[in-house]
Amino acid sequence: MELTEKTQLLDAEAIRRALTRIAHEIVEKNKGTEGLVIIGIKTRGIHLAKRLADRIASFEQVQVPVGTLDITLYRDDLKQRGEQAVVNGSEIDFAITDKTVVLVDDVLFTGRTVRAALDALIDLGRPRQIQLAVLVDRGHRELPIRPDYVGKNVPTSREEVVAVNLDEIEQQDKVIILEKANAL
């Protein structure tokens, strides 16, 4: 299935502003950074988590610990996909027990990725609280999951794809909506 770009939702500057706002909201909601850790879901959530921690450090002068979470073995669609799971492993070199964990992902859609991430986190310890930050919330939830922090809410159809391109991976920051190309 070939996809074509339908529209651009966010450019580099809009992503920067959204992450700055989310960083301020995280600090405000948690009344500072005490006991706060940020964990990004592989792949793009990792880069967004690092950016959020950098933004917080710029105005709070505190480096919040950042970790990465690989949810591959926790996905509920492994058998359906028929692929061999490639596990890269999580990198969390700090305890999460009794911490406020801000879980970060690029796009929130059905909620299944977040559910898998919650299962993976609970296997690592017992956080005091888990909060969710996403760059884009596109709706269509299948599970009762709601983000605490959102860069942009975007109504989409199920046939559309929200693609987040990040400088660290695609050498460009932008969020676009892709749609199926029309057959001629």
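Calculation notes
Every chain's residues receive numbers from 1 upward, in the order its sequence appears when written. A pLDDT threshold of at least 70 governs which residues receive local features in this predicted model, and a stricter bar of 80 or more applies before side-chain atom pairs are shown or counted, although totals over entire chains, interfaces and linings include all residues. Excluded from the side-chain calculations are hydrogens and water; all other atoms, namely the structure's heavy atoms, are used. Should DSSP find at least two bridges between two strands, the strands are taken to pair. Here a helix means four or more residues in a row that DSSP labels H or I, a strand means two or more in a row labelled E, and each is numbered from the N terminus. Comment: axis = line fitted to C-alpha atoms, over the contacting stretch for helices; angle = value between 0 and 180 degrees taken between N-to-C directions. The contact rule is simple, with two residues in contact once any of their heavy atoms fall within 4.5 Å.

A. Representation of the sheet that holds strand β3 (residues 66-69) within the structure. Pairing within the open sheet is parallel, and its five strands lie in the order β3-β2-β4-β5-β6. Of all the strands in the sheet, the pair left with one neighbour each is β3 and β6 (149-153). Averaged over all neighbouring strand pairs, the angle between strand axes comes to 25 degrees, with direction disregarded. Relative to β6, strand β5 (residues 129-137) runs parallel, the two sharing four bridges. Within β6, the position partnered with Val134 by the bridge is Val150. Docked against the sheet, helix α2 (residues 44-60) engages β2 (36-41), β3, β4 (100-108) and β5, running at close to 150 degrees with respect to β2.

B. Layout of the side chain of Glu160. Along the chain, Glu160 turns up in the loop between β6 and β7 (161-165). Residues contacting Glu160, with those up to four places away along its chain left out, are Lys6, Arg138, Ile177 and Leu178.

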